[in-house]
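Below are the chains, spelled out letter by letter.
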Amino acid sequence: MSTVPIESLLHHSHLRHSSRTYRGTRSFSPCSLNLRSRFTSSNKQLVLNSSIGSATSALGFRSSNSVAVRASSSDTAVVETSQSESDDVVFKENFPVQRIDKAEGKIYVRLKQVKENDWELSVGCSIPGKWILHWGVSYVGDTGSEWDQPPEDMRPPGSFAIKDYAIETPLEKLSEGDFEVTINLNLESSVAALNFVLKDEETGAWYQHKGRDFKVPLVDDVPDNGNLIGAKKGFGAIGQLSNIPLKQEKSGAEVEKESNSSSDSTIERKGLQEFYEEMPISKRVADDNSVSVTARKCPETSKNIVSIETDLPGDVTVHWGVCKNGSKRWEIPSEPYPEETLLFKNKALRTRLQRKDDGTGSFGLFSLDGKLEGLCFVLKLNENTWLNYRGEDFYVPFLTSSSSPVETEAAQVSEHTPKTDKEVSASGFTDEIITEIRNLAIDISHHKNQKTNVKEVQENILQEIEKLAAEAYSIFRSTTPTFTEESILESEDEKPEIKISSGTGSGFEILCQGFNWESHKSGRWYLELQEKAKELASLGFTVLWLPPPTESVSPEGYMPKDLYNLNSRYGTIDELKDTVRKFHKVGIKVLGDAVLNHRCAHFKNQNGVWNLFGGRLNWDDRAVVADDPHFQGRGNKSSGDNFHAAPNIDHSQDFVRKDIKEWLCWMREEVGYDGWRLDFVRGFWGGYVKDYMDASKPYFAVGEYWDSLSYTYGEMDYNQDAHRQRIVDWINATSGAAGAFDVTTKGILHAALQKCEYWRLSDPKGKPPGVVGWWPSRAVTFIENHDTGSTQGHWRFPEGKEMQGYAYILTHPGTPAVFFDHIFSDYHSEIASLLSLRNRQKLHCRSEVNIDKSERDVYAAIIDDKVAMKIGPGHYEPPNGSKNWSVAVEGRDYKVWESS
Amino acid sequence: MEVSVIGNPQTRLCRAELAYRELGFRFGSVVISGESRNKVTFLSQSSNFKDLSIRCSSRSVKCEAVVSDGVPFLKSTPNSRWLASVKLFVGLPLDTVSDCNNVNHLKAITAGLKALKLLGVEGIELPIFWGVVEKEASGKYDWSGYLAVAEIVKKVGLKLHASLSFHGSKNPGIGLPDWVEKIGEAEPGVYFTDRYGQQYKECLSFAVDDVPVLDGKTPMEVCRGFCESFKSVFSDYMGNTITGITLGLGPDGELRYPSHQHDVKRSGAGEFQCYDKHMLSALKGYAESTGNPLWGLGGPHDAPAYDQQPHSSSFFSDGGSWESQYGDFFLSWYSSLLTSHADRVLSVASSAFSGIGVPLCGKLPLLHQWNKLRSQPSELTAGFYSPNGQDRYEAIVEIFAKNSCRMIIPGMDLSDEHQSPESLSSPESLLAHLKTSCKKQRVVVSGQNSSAPVPGAFERIVENLKDENAGIDLFTYQRMGALFFSPEHFHAFTVFVRNLRQFELTSDDQAAEVETKTVNIGSGSGAPSLQTA
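All values reported here derive from a predicted model rather than from experimental measurement.

**Comments concerning the overall build of chain A**
And step 1. Regarding its fold elements, chain A presents 19 helices and 39 strands.
And step 2. The buried share of chain A, reckoned over its 900 residues, is 58%.
And step 3. Sequence-distant contacts in chain A: of pairs separated by 6 or more residues, those separated by 24 or more amount to 68%.
And step 4. Counting only carbon and sulfur atoms, one obtains 49% of the accessible surface of chain A, whose full area is about 36,100 Å².

**Observations regarding the pairing of strand β12 (residues 445-448) of chain B**
Residues and elements named next belong to chain B.
And step 1. Side chains V445 and G447 of β12 all project onto a buried face; the interleaved residues S446 and Q448 project onto the opposite face, where all are buried too.
And step 2. Two strands pair when backbone bridges link them, and strand β11 (residues 405-409) and β12 are joined in this way by three bridges, in the parallel orientation. Of the residues in β12, the one forming a bridge with I408 is S446.
And step 3. Since β11 and β12 lie parallel, the crossover through helix α12 (residues 427-440) that links them has a hand, and here it is right-handed.
And step 4. Of the pairings in the sheet, the one linking β12 to strand β13 (residues 474-477) comprises two bridges and is parallel in character. Bridge assignment links G447 to a residue of β13, and that residue is F475.
And step 5. Assessed by its sense of winding, the connection that carries the chain from β12 through helix α13 (residues 457-466) to β13 is right-handed.

**Details of the environment of Y196 of chain B**
Residue and element names in this part refer to chain B.
And step 1. Tracing the chain through its elements places Y196 in the loop between β7 (191-193) and β8 (199-204).
And step 2. Judged by relative accessible area, which is 44%, Y196 ranks as partly exposed.
And step 3. Taking the C-alpha atoms as reference points, Y196 and Q273, separated by 77 residues in sequence, lie 9.9 Å from one another.
And step 4. A polar contact is formed between the side chain of Y196 and the side chain of E271, at a distance of 2.5 Å.

**Points about the pattern of salt bridges**
Two side chains carrying opposite charge are able to pair once their charged atoms lie near each other.
And step 1. If you walk through the whole model with that rule in mind, you get 51 salt bridges over all chains.
And step 2. Ionic pairing is found between D707 of chain A and R726 of chain A, a salt bridge with its closest N-O pair at 2.6 Å. With a gap of 19 residues between them, D707 of chain A in the loop between β29 (700-703) and β30 (711-712) and R726 of chain A in helix α14 (residues 721-733) connect regions that are remote in the sequence.
And step 3. For R374 of chain B, the salt bridge goes to D318 of chain B, with nearest N and O atoms at 3.8 Å. Highlighted residues: R374 of chain B in the loop between β10 (360-363) and α10 (377-382) and D318 of chain B in the loop between α8 (277-289) and α9 (325-352), separated in sequence by 56 residues.

**What to know about the packing of aromatic side chains**
And step 1. On inspection of all chains with the given rule, the structure shows 63 aromatic pairs over all chains.
And step 2. Their ring planes at 90 degrees and their centres at 4.8 Å tell us that F192 of chain B and F206 of chain B sit as a pair that is edge-to-face. Of this pair, F192 of chain B sits in strand β7 while F206 of chain B sits in the loop between β8 and α7 (219-233), placing them 14 residues apart in sequence. Each member of the pair F192 of chain B and F206 of chain B is classed as buried.
And step 3. Here R724 of chain A stacks its cationic end above the ring of W774 of chain A, 4.1 Å away from the centre of that ring.

**As for the sheet that holds strand β9 (residues 242-247) of chain B**
Residues and elements named next belong to chain B.
And step 1. The parallel closed barrel is built from eight strands, whose spatial order is β4-β5-β6-β9-β10-β11-β12-β13. Along the sheet, successive strands turn relative to each other by an average axial angle of 30 degrees, direction set aside.
And step 2. Looking at chain direction, strand β6 (residues 159-165) and β9 are connected through five bridges and run parallel. Each residue of the ladder has a partner; that of H161, found in β9, is G244.
And step 3. Packing of helix α5 (residues 144-156) onto the sheet brings it into contact with β5 (123-129) and β6, and relative to β5 it is tilted by some 175 degrees.
And step 4. The strands that α7 touches are β5, β6 and β9; relative to β6, the one it contacts most, it runs at about 160 degrees.

**Here we look at the packing of helix α3 (residues 106-119) of chain B against α5 of chain B**
Residues and elements named next belong to chain B.
And step 1. Packing of α3 against α5 leaves a shortest axis separation of 10 Å and a crossing angle of 30 degrees. Relative to α5, the element α3 is oriented roughly parallel. α5 is crossed by α3, and the crossing has right-handed handedness. Judged by residue contacts, L106, T110, L113, K114 and K117 of α3 engage I152, V153 and V156 from α5.
And step 2. Across the contact of α3 with α5, the residue classes tally to five nonpolar, one polar and two charged.

**Thoughts on the environment of I510 of chain A**
Residue and element names in this part refer to chain A.
And step 1. Along the polypeptide, I510 turns up in the loop between α8 (486-494) and β23 (511-513).
And step 2. We classify I510 as buried; its relative accessible area is 0%.
And step 3. A sequence separation of 307 residues divides I510 from A817, and the C-alpha atoms of the two residues are 6.1 Å apart.
And step 4. Setting aside anything within four residues of it in sequence, one finds I510 in contact with G540, F541, T542, V543, L810, P816, L835, R838 and N839.

The rules behind these values
- Just so you know, the residues in each chain are numbered from 1, in the order the chain's sequence is written.
- For naming, the first written chain is A and the first written ligand is 1, with later ones following in the order written.
- Where totals are concerned, whole chains, interfaces and linings use all residues; where local detail is concerned, this predicted model gives features only for residues with pLDDT of at least 70, and gives and counts side-chain atom pairs only at 80 or more.
- Working from all heavy atoms in the structure, the side-chain values ignore hydrogens and water.
- Each helix is a run of H or I in the DSSP string that is no shorter than four residues. Each strand is a run of E no shorter than two, and both are numbered from the N terminus.
- Exposure classes here rest on a 1.4 Å probe applied to the protein chains alone. A residue is buried below 20% of its type maximum, exposed above 50%, and partly exposed in between.
- Any two residues whose heavy atoms approach within 4.5 Å at even a single point are treated as in contact.
- In this description, accessible areas are obtained by the Shrake-Rupley approach with a 1.4 Å probe, and a residue is regarded as covered only by the protein chains that are shown.
- In this description, strands pair whenever DSSP reports at least two bridges between them.
- Crossover handedness is defined here as right-handed if the route from the first strand over the helix to the second strand goes clockwise, with the strands pointing away from the viewer.
- In protein, a polar contact requires one atom able to donate a hydrogen and another able to accept it; more generally it is a pair of N or O atoms within 3.5 Å, and residues adjacent in sequence count only if both atoms are side-chain atoms.
- Basic side-chain nitrogens of Lys or Arg form a salt bridge, by our definition, when they fall within 4 Å of a carboxyl oxygen of Asp or Glu.
- Stacked, tilted and edge-to-face pairs are distinguished by plane angle, under 30 degrees for stacked and over 60 for edge-to-face with tilted covering the rest, among Phe, Tyr and Trp rings (Trp via its six-membered ring) whose centres lie within 6.5 Å.
- Two thresholds decide whether a charge sits over a ring: the Lys NZ or Arg CZ must be within 6 Å of the ring centre and within 35 degrees of the ring normal.
- Axes, fitted as lines to C-alpha atoms, cover a helix only where it is in contact. Angles between the N-to-C directions of the axes lie from 0 to 180 degrees.
- Under this scheme an angle from 65 to 115 degrees is roughly perpendicular, one under 35 degrees roughly parallel, and one over 145 degrees roughly antiparallel; angles in between are oblique.
- Left-handed describes a crossing in which the near helix is turned anticlockwise from the far one by less than a right angle; the clockwise case is right-handed.
- Three classes are used, and their members are as follows: Ala, Val, Leu, Ile, Met, Phe, Trp, Tyr, Cys and Pro are nonpolar, Asp, Glu, Lys and Arg are charged, and the others, Gly among them, are polar.

Any link to function would need more than the numbers given here.
As structure tokens, then:
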């Protein structure tokens with residue numbers, strides 16, 4: 001919310017430099033003022049939140065009853081309301097600022113001998129905080145820098161273990177105000193060194209020593225990587241730390257020492273001496289304050305009056321300049337200046353703000369020439385503390401109806417269509433960011449201790465760029481029909497040869513989902529399925545989808561834990577391999593069900609949250625996305641939707657992707673899988689899928705992108721373009737490396753069949769309304785799967801109408817998938833006939849559909865000029881032209897012909 | 001050595017990066033606090049005790065980084081510095097303005113331009129079609145669509161490079177002006193024609209340049225009128241927003257004959273386009289004047305067809321007709337028309353645009369196909385020839401030099417390794433040759449990529465731009481559209497821009513290195529990294 005400047009106006013009243021005129025009735029109307037200010041701020045928000053922005057900020061603003069606020073030369077503030085005239089507040093903004101207080105203090109490390117072999121190591125810190133010592137040990141003979149868990153007796157009470165290599169122990173507050181933890185060392189153990197870092201749980205910051213762990217050597221031959229504490233050598237670095245260049249080369253003496261000790265296998269502890277080391281540290285504590293700035297145009301004097309108000313405590317000096325002629329260079333305005341203004345080295349002005357009487361901050365009023373374009377400033381709190389706005393100078397543009405491009409534009413476009421004015425006012429926002437960039441570049445002198453801010457700005461900019469690019473993409477793509485004509489284009493291109501691609505296989509694939517929700521129950525599914533290999537092959541299936549093979553928390557396999565453990569409730573890894581072999585023998589390719597979105601953890605973290613993994617892929621919480629609060633991941637934000645039952649994997653992490661690629665390749669190699677069915681791909685960016693497909697080179701891959709269709713008042717909308725667009729977007733993000741289940745088609749079939757609304761089956765362009773109408777080669781059509789049907793029945797296909805569904809998908813383009821339960825049911829023979837028709841007529845994923853009829857009670861289409869089909873109770877006969885149609889399959893409310 | 005890290009207005013984002021980097025240094029030092037805020041000095045390990053200081057004037061506007069000798073503060077090798085100074089432009093879609101003067105995908109373009117601006121792109125290239133502006137009647141110009149685009153570009157704060165296109169384009173279907181097409185129907189001789197009589201209707205034949213075929217005006221007069229109208233209508237933008245004007249010199253704007261007519265993919269080297277009425281009569285006249293009237297009856301009879309391999313017939317083979325006396329006669333004439341066309345257009349333009357201080361450019365094709373054949377047949381059919389194996393581009397470059405015109409060379413993204421071996425093509429060597437020719441005559445080269453996506457494109461572009469010898473200071477990336485903004489491509493493009501703008505990643509690495517030497521690191525570094533530390 002904006003700060004409402006009523007109060008400040010009253011305070012400001014005694015300031016000079018203000019307009020000398022006023023007009024209208026003098027009425028004080030806090031109510032309307034408040035309203036307006038809210039209006040402004042919400043506008044601002046709007047502009048900030050949407051990249052398009054909104055011209056309503058300019059338009060709505062002007063037309064509303066507005067309140068002009070002006071300071072006058074008299075000792076009273078004047079608040080005017082004007083009904084018809086345009087508002088003259090030209091800029092109003094409440095800038096949040098973060099004041100970083102730096103607390104300085106020290107970390108100390110003390111080694112003390114208690115008894116002969118009992119020593120005590122104390123680590124302390126003088127700055128308040130929620131300090132945690134994160135530590136581990138190295139044992140004698142360890143090479144490398146890995147940590148180990150310390151022996152139990154070394155762990156102070158209150159410690160808990162982090163995986164198998166570290167301990168976290170909180171520091172306790174001592175009476176003298178320091179925080180400290182003491183570890184008892186028994187030198188009879190073979191501990192060679194103690195490694196630690198300090199963590200401040202308040203800020204999440206880690207404190208290391210020279211970029212490495214602190215390392216306290218307890219024997220003489222601990223290799224010195226420059227991070228030893230209390231060692232006799234290398235002391236020079238301690239206490240001065242990073243401003244001393246650290247030379248990696250070891251002195252001759254050190255090298256000698258090392259070579260000596262390496263030949264000597266006995267533990268050398270002779271050199272252990274008591275010591276006490278201190279290292280300075282600083283901790284940053286951020287305080288949030290705000291600066292609210294209002295600029296008004298005084299029409300009579302055409303001056304710009306800027307009021308700056310802040311709740312920052314203490315003396316606040318505004319260090320400022322003005323901008324002219326389109327440049328953001330600081331210039332000194334002509335006099336007069338506000339009170340308490342000093343000229344600073346002829347380059348800027350410094351004005352100390354007046355303290356507010358109630359001590360809640362300061363304020364100031366600046367009156368500037370109306371021709372100026374803006375006011376730049378930064379705030380100075382003391383010699384060393386400067387504040388700017390997210391790494392930028394504060395900038396107050398003086399936009400008026402005559403000088404502002406934004407408003408001029410807005411005024412113009414108001415005469416035109418409302419559609420274009422959105423565009424234009426958005427440029428105002430871009431201007432802001434551009435200004436930010438510009439200032440960021442010009443001025444770095446105010447960036448003291450604001451590295452994070454700069455980063456933030458950069459991130460903001462990058463995000464903004466991404467957002468804008470995505471917007472541009474979506475519009476460009478929708479105006480250039482890239483997908484609608486694919487079937488024709490591709491079929492022309494690719495007819496001569498069968499091209500195998502992971503999105504389509506050969507193009508002639510027919511998928512069989514080889515399990516249902518109950519398949520795990522027998523514990524020997526693989527073996528049971530094997531027996532059906534020949535039958536499935538003779539039915540005409542070319543691809544089999546097997547259930548998820550990994551160890552899983554849930555028996556069905558969709559809550560995977562150890563990805564490399566392929567013993568599941570469906571059978572052992574050997575049975576799996578054998579099954580794959582058997583299917584290969586009969587010419588059926590096999591898809592593995594890869595659950596990549598989430599993974600169940602093996603261990604809890606220190607907070608008791610399950611987010612640490614074990615097994616061969618022993619990822620830690622960096623592999624978990626950060627935006628699911630349940631799992632306290634330390635990865636990046638998810639690139640997709642979250643699945644809330646298990647930690648969602650952060651695919652943006654290189655190590656995660658590397659491991660997944662390795663795993664997929666291993667599964668290809670070890671099990672013999674030919675491709676993938678990818679579970680819950682809504683959860684992560686399709687671009688990663690492309691990456692995985694490129695690495696694992698599947699023969700065929702299909703992703704499950706399942707979200708809801710659009711309904712209005714419970715009635716499914718006719719137009720499901722938005723729904724299929726999302727799926728197509730995902731496929732597109734994979735660069736077509738994977739197909740996707742055509743959820744849209746299933747949904748529309750539901751509505752069409754259930755309510756006898758067969759007109760739904762043709763989109764306005766006369767194409768199939770599902771993904772199959774837009775990108776047939778990547779659409780995997782299906783009517784049921786283990787989730788939607790089986791014993792779960794989350795979204796069951798209309799009962800009794802399954803064969804109509806199959807008559808549709810098995811004759812249409814796309815790659816059809818048949819559900820296991822349906823194959824081995826009463827529909828067996830009908831499905832078999834349809835399958836054999838599809839293969840006989842060589843219908844493929846890019847076949848061309850001509851919809852002949854889509855009416856209330858009947859839908860009919862001719863595919864590739866050689867197959868005709870109808871579903872629905874209504875009547876249809878294929879046209880009697882040159883072709884001789886004969887009935888191929890017939891059943892309840894459906895009929896399929898082939899031309900002979 | 002004193003390096004000022006600011007002051008150069010075209011490296012905005014780069015400077016933003018610098019600011020960050022310097023902060024990294026400062027952050028890493030413990031000495032910040034008490035001292036004077038105007039000077040921060042510290043040592044860093046990687047600089048080997050050399051003094052690195054950042055001098056900040058107290059005025060918040062300006063800051064200089066002073067780097068003492070030899071310090072790799074910024075890896076300011078000549079290459080990378082050169083790279084950072086290359087101005088990057090992006091082309092707008094060809095159909096930005098529709099033939100009824102509407103701005104297409106206005107919203108997308110606006111968003112796209114903002115994204116590019118934020119990314120640090122210098123400006124954009126706008127293809128302006130003759131067929132849109134002077135659509136209805138000779139001398140009746142409607143610039144409104146393009147003006148609207150220019151205004152958007154200006155608002156977003158980008159520069160504009162206008163490409164005046166006197167050709168049509170099949171895709172997106174913008175032809176020559178309606179009135180010109182009408183003339184063409186009545187008088188088909190105005191179009192390039194091949195030996196089968198097929199016309200290329202997207203561009204007027206070079207032979208009619210000075211023939212009053214357009215309602216009593218010559219194409220060059222019409223061209224002058226167009227340029228002058230452009231100059232006066234866009235006068236407010238000249239020099240500030242518009243920083244470059246490209247003159248369309250032929251098919252697709254490139255200086256060449258439409259030797260492939262429409263389909264570049266055809267396997268051959270293209271065919272000669274000298275069979276329109278005006279060409280043939282010019283050839284006849286030339287033949288007679290050189291005493292070989294029989295040579296003026298038509299083009300070479302033994303040149304291969306569009307879909308034939310160039311060495312499959314005798315014209316282009318080693319010792320074939322092209323090397324014969326006849327070949328020299330024909331090719332000299334054929335290429336001279338191209339050269340004089342370039343000269344005419346550029347002279348018209350440079351007089352029309354004289355005094356506005358905006359550089360003019362013309363675009364050459366990169367005829368790399370078959371250039372490993374000795375005859376380099378693609379160049380010959382497109383009109384590039386010089387007797388006795390001399391530099392075929394010399395005459396053209398000379399004309400560019402004479403008119404102080406910059407040369408745009410496309411195909412900077414093509415690399416030899418991605419060419420199919422059958423095409424006997426080496427884009428890299430041709431590019432190198434063109435660069436040398438231009439350098440000889442001090443013609444400034446601007447780069448472009450080929451418009452179709454090719455593998456390894458960005459790496460190749462960077463390689464080309466890095467070459468300080470060539471002095472390419474401007475690169476136009478073609479072209480904005482759905483593909484351009486698709487997540488995958490745009491990401492790659494972002495990386496490309498950053499590679500150009502960030503001097504070299506190494507300086508970034510250094511900052512990171514220094515940072516890790518400090519006691520104090522921010523959140524975000526975690527336990528696992530500690531484990532391996």
